[in-house]
Every structure is written in C-alpha cells, then in structure tokens.
Amino acid sequence: MRLSKYVSTHPDGRRTLLFNAAGEQIFVLEPELAELLARHAGQPDALRDVHPTFYEQLYRTQCLVPDDADEAEDLVARWKAQDDDPSHFGITINPTLACNLRCWYCYEEHRAGTVISDTTREAICRLIAARTADERLRSLNVSFFGGEPLLSFRKAVLPILQYAAEACAPRQVRLYSNFTTNGVLLTDEVLEALDALPLAKPATFQITFDGYRNWHDRVRYGANREPTYDVILAHVEAALRRGHEVFVRFNYTFDNILTFLDTLGDFNARHLADYGNLLSVKFEHVWQDGGTREAVQPYLVQVRDAFKADGYRVGTDNIHYRHVCYADTPQHLVINYNGDIFKCTARDFVSAQREGVLHDDGSVELNDVYERRMRLRYVNPACLACKILPICNGGCSQSKMEAAKQTECYRGMSEADKDAYIKARVEEIVKQTQQV
Ligand code: SF4
Ligand code: SF4
C-alpha cells in the first residue's frame, strides 16, 4: 500500500490535520500519530504492525491505496457515474430571448419576436413525456431562463409546467422548477398560478439588484426608462411570504458596492431576515467593471459582513473546490425558444454555436460540439496527474472548451500554487465546520 496522492498534512497548533482531497475529509491527528505517519509515509505498510488501528483507519478512509491504484481513473469513473445518473433529468428553457428591461451590461441580444412557438412548446412536452416514461427517473427539474421568461408565462411557462406535473404524477416523480428572472413580472397572479402546481417544493427564483434604488434604476430600467427597484423588492417579499426560496444576486461594481448598505436598510425595513434560509444573497462582480476587483475587495467585505450581522444568509465565499455545472452532465439540456439545444447559459444563444436540436417529435439530436464538450471533461493529462484533481478539475466544461491548450494545467498553476490551493480548501472546510 501507499499513501494516496490526494492526501496531505497540515500542522494546526499542537495537532495536525490530515486531508484527503478525494473525499474532502479532514482527520485530526494527535502529535504522536502525526509523527508516526511522517516517519512511515514512504512505507506505510510498516504501520500495520506498529499501530494496527491507525493503519486500519487510514485504509478504510482510502488515505492508503494499493500500490498499483489509478486514483484518477477511479475518481473520473465515479464522476461520470454521477453525471450519467438516470434518476434525474433537467431542462432549462428560454421561452423567449426578449426582455422587458434594458440593462447596459447584458450579454443577450434582445431580439423582438424571439418567442417560443406552439410547435416547440409541444416538442418540449413530448421530450418530458419520453423522459418521465423512463422508470429510473426520480426527479425532473424544469427551469426557465431567457430573456425574461415571465414574458411568456401564459404562453409557455405555465402550460409546460402543467404538462410536466401531469407527466410526473403517475410514478410520483418529484418535479422542481426555478426561474432566473428580473422579478418585475413576478406578480401575485403568477405566484398564485405557480403555487397551484404540485411541485416537490415551491418554485425558486434568482433575482438581481444592481445597487440601491438610484443606482439600480439607472441600470435596470424598462423600455421607457421606468424604474424597477421598488417593484422588484416588493415581489421578492411577496415570493418569500408565500414560502418560495429566493436567491438575490447583488451585481456590484467599484462605484455601487457601498450603496448595498442602503439596500440592506430596505431589506430590514421589510424584515426579510425573518425568512431565514428561504432568502440568500450573493455578490457578483460585474465583469465589465474591469480592473477594480482588488480595489473593491475591502468594501465588499464590509457590505457582506453587514448583511451577515443582520442575519442574512450570504452566499459562500468558498472558491477552492471542484465546480460542477449542469452543463457538464448529459442529464441536463438548455432549450432555446426555437428548439436549438445548448448546454451553457452564460454564452450567446446563436444557432451557429448550438449543440443540438429538439425535433418536433420530442427527440433530441446532439452534434459534435456537444460530443467535444463531453469528451473534454476528464481527459487533460495534466489534470489526471495532478494532486488537486479532486478539488479542482480545471473548472466547467465551457471553460475547457475555450481553453487555449488541452494538455496543460488550465489554470497555469505551479506545485506551490497547488499547495496553497489545498491549504485554502482545508481552511474553508474547517471554517464551515466551525460555523455549523
Ligand atoms: S460558463 Fe461554465 S459554469 Fe457558467 S453556465 Fe457555462 S458551463 Fe456553467
Ligand atoms: S486545472 Fe491545473 S490545478 Fe486544476 S486539476 Fe488541472 S492541472 Fe491540476
């Protein structure tokens, strides 16, 4: 046996933390055990006689592996099995690419007339019928993106969800739904219609603010420059009151970051912290605000801490872990209003870049772009040889497709960078554990 290449030790005061990146487990070693491990690291089999219970524990937790084990191969096989898990299927639908707002930084082109046709809507229902007929399916997620999906609420969103609910009922497949929406059209009427559906839990919403009222209304305004801050805030509260989970995203720039302290005042005036875990807030840097990320950091910490202090759940700051996106799995498709199929929602939905098509009969035809995406997920030799593969894997499949080189570290990390990454991950996990 040998020590797994994913195992590392970290002195922490008197004790030592033993970290196995493969299972993201941390074990606390008293000085005597740490010393024993250090002494036998090259030949851990000797531990079997010296300290059989310690040896047994290292073996059971896969900190020790057979000499000829291919740990990367095992890891990838496990990830692929998760990716292919037929008990879940998800679709994200863009019922339209049109939007009722005109945010300056939006990467979408707001093409009028880009509205789902009856034919595409019915094709989506046929796809849902086929997937829910699979006896292995246990949960179905039907999400909406855009454009602004609620512009097509009556024409597409509601009929598709009603159809999905009927299709899920016979075998009690759990149906989930979430919306990435600007929130302006999230009226009581819409919430009422969603609440009448037999979803496994109330639909969830991701809704964005771009600063306090005066800032937000300069960024997120309607076609006739109508302000939107107050209406969105009221809709967030209404959704929470009805038991919906809301992920509020705060888009910050160097100029607007401190104005979120006033937004906090508005949240507090409405007692939104009382909704506990139903509400979480997350800060996202507007990437077009280039060059100021470092400068804005102290202000970001100040604002984030103020939200935490007032009892809000603030999105994790953890960044040292393997990021898995729905785009990386074959069990999730993004369907555009015109039946084009994509995987990633962070790129333009143009037909030249599509990864497949949804046919009128509900069947899906995927192309070589999709095949390339799936192929690139776990093949980079630098990653397969890397000691931080389990907690890195180079990012999402989209970033891999766009990488200049496919055989070198996608992140340009040196061995020292990797050690620092492991240390940061250990610290994140310890901090998390202490918070629980
Ligand atoms: S850029 Fe990556 S993480 Fe973002 S949606 Fe696309 S695939 Fe997912
Ligand atoms: S991207 Fe670099 S650091 Fe990450 S797993 Fe691949 S080789 Fe390792």
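**Notes on the overall build of the protein**
Scanning the protein from terminus to terminus reveals 15 helices and 17 strands. In terms of overall size, the protein behaves like a compact globule, its C-alpha atoms giving a radius of gyration of 24 Å where 436 residues would be expected to give roughly 22 Å. Overall size of the protein, expressed as C-alpha extent along the three principal axes, is 75 × 50 × 45 Å. When burial is assessed residue by residue, the protein has 35% of its 436 residues classed as buried. In the protein, of all internal contacts separated by at least 6 residues, the share reaching a separation of at least 24 is 71%.

**Remarks on unusual backbone geometry**
Residue G147 follows G146 across a cis peptide bond; omega there is 5°. Its place among the elements puts G147 in the loop between β7 (139-144) and α6 (153-168). Positive phi values are uncommon outside glycine, yet Q62 reaches one of about 60°. Residue class for Q62 comes out partly exposed when judged on the 17 C-beta atoms lying within 10 Å of it.

**A word on the site of ligand 1**
Neighbouring ligand 1 are C325, A327, C344, T345, A346, C396, S397, Q398 and S399. Class assignment for the residues of the shell around ligand 1 results in five nonpolar, four polar and no charged.

**So, the sheet that holds strand β3 (residues 15-20)**
Overall, antiparallel pairing links the three strands, which are arranged β2-β3-β4 in an open sheet. For this open sheet the edge positions go to β2 (7-12) and β4 (25-29), each flanked by a neighbour on one side alone. Sheet twist, expressed as the mean angle between neighbouring strand axes with direction ignored, is 25°. Looking at chain direction, β2 and β3 are connected through six bridges and run antiparallel. By the bridge assignment, H10 is partnered in β3 with L17.

**Considerations on the domain arrangement of the protein**
Domain parsing of the protein yields domain 1 (2-69) and domain 2 (85-314). A straight line from the C-alpha centre of domain 1 to that of domain 2 covers 45 Å.

**Considering the environment of L158**
For L158, the position within the fold is in helix α6. Residues L158 and A123, spaced 35 residues apart in sequence, show a C-alpha to C-alpha distance of 15 Å. Residue contacts for L158: discarding those within four places in its chain leaves F153 and A193.

**Quick word on the environment of A238**
Tracing the chain through its elements places A238 in helix α9 (residues 229-241). The spacing of A238 and D188 is 50 residues in sequence and 7.4 Å in space, taken between C-alpha atoms. In contact with A238, not counting residues within four places along its chain, are D188 and L191.

**A closer look at the packing of helix α5 (residues 118-132) against α6**
Viewed as axis vectors pointing N to C, α5 and α6 meet at an angle of 20°, and their least axial separation amounts to 10 Å. Taken together, the axis directions place α5 and α6 in an arrangement best described as roughly parallel. Two packed elements cross with a definite hand, and for α5 against α6 that hand is right-handed. Taken together, the residues of α6 that come into contact with α5 (itself represented by R121, I124, C125, I128, A129 and T132) are A156, P159, I160, Y163, A164, A167 and C168. Grouping the constituent residues of the contact of α5 with α6 by class yields eleven nonpolar, one polar and one charged.

**Concerning the environment of T96**
Looking at the element boundaries, T96 is found in the loop between β6 (88-93) and α5. For the pair T96 and G147, spaced 51 residues apart in sequence, the C-alpha separation works out to 5.6 Å. Excluding anything up to four places from it in sequence, T96 contacts T114, V115, I116, G146, G147, L151, S152 and Y337.

**Concerning the pairing of strand β11 (residues 246-252)**
Counting buried residues in β11 gives five out of seven residues, a clear majority hidden from the surface. As paired elements, strand β10 (residues 204-209) and β11 share five bridges and run parallel to each other. Within the sheet, the bridge partner assigned to T208 lies in β11 and is R249. Relative to strand β12 (residues 279-285), β11 runs parallel, the two sharing seven bridges. Looking at the pairing, R249 lines up with K282 of β12. Note that the unit made of β11, helix α10 (residues 260-269) and β12 has a crossover that is right-handed.

**Side note on the packing of α10 against helix α11 (residues 293-309)**
Relative orientation of the contacting elements α10 and α11 amounts to 10°, with a least axis distance of 10 Å. By the criterion of interaxial angle, the relationship of α10 to α11 is roughly parallel. Counting all contacts with α10, which are made through F260, L261 and L264, the residues of α11 involved are V303, A306 and F307.

**Topic: the pairing of strand β14 (residues 332-335)**
Two elements, β6 and β14, share four bridges in a ladder whose sense is parallel. For I93, the partnering residue across the bridge sits in β14 and is I335. By the bridge criterion, two bridges tie β14 to strand β15 (residues 340-342) in an arrangement that is antiparallel. Residue pairing across strands places V334 opposite F342, the latter belonging to β15. Turn length for the β14-β15 hairpin, with the two strands adjacent in sequence and antiparallel, is four residues, and the turn residue G339 shows positive phi of about 90°.

What counts, and at which threshold
- Note that residues are indexed from 1 along each chain, following the sequence as it is written.
- Written order determines the labels here, with chains lettered from A and ligands numbered from 1.
- Only residues with pLDDT of 70 or above have their local features reported here, since the model is predicted, and side-chain atom pairs are shown and tallied only from 80 upward, although totals for entire chains, interfaces and linings are computed over all residues.
- Only runs of H or I of at least four residues qualify as helices and only runs of E of at least two qualify as strands under DSSP, and these elements are numbered from the N terminus.
- With C-alpha atoms as the basis for the radius of gyration, the globule rule is written as 2.2 Å multiplied by the number of residues raised to the power 0.38.
- Any residue whose C-beta has 12 or fewer other C-beta atoms within 10 Å is treated as exposed, any with 20 or more as buried, and any in between as partly exposed, C-beta atoms being built from the backbone.
- Residues are scored as being in contact if the C-beta atoms we place from backbone atoms lie within 7 Å.
- The rule is simple: place the C-beta atom from the backbone, and if it lies within 6 Å of a molecule or strand, the residue is near it.
- Residue polarity follows a fixed list, in which Ala, Val, Leu, Ile, Met, Phe, Trp, Tyr, Cys and Pro are nonpolar, Asp, Glu, Lys and Arg are charged, and the others, Gly among them, are polar.
- Two strands form a pair only when DSSP identifies at least two bridges running between them.
- Lines are fitted to the C-alpha atoms to define the axes, a helix being fitted only along its stretch in contact, and any angle between axes, read from their N-to-C directions, falls within 0 to 180 degrees.
- Domain start and stop positions are those given by an automatic or database domain assignment.
- For this classification, under 35 degrees means roughly parallel, over 145 means roughly antiparallel, 65 to 115 means roughly perpendicular, and everything else is oblique.
- If you view the pair so one helix is near and one far, a crossing is left-handed when the near helix is turned anticlockwise from the far one by less than a right angle, and right-handed when it is turned clockwise.
- We call a crossover right-handed when, viewed with both strands directed away from the observer, the connection leading from the first strand over the helix to the second proceeds clockwise.

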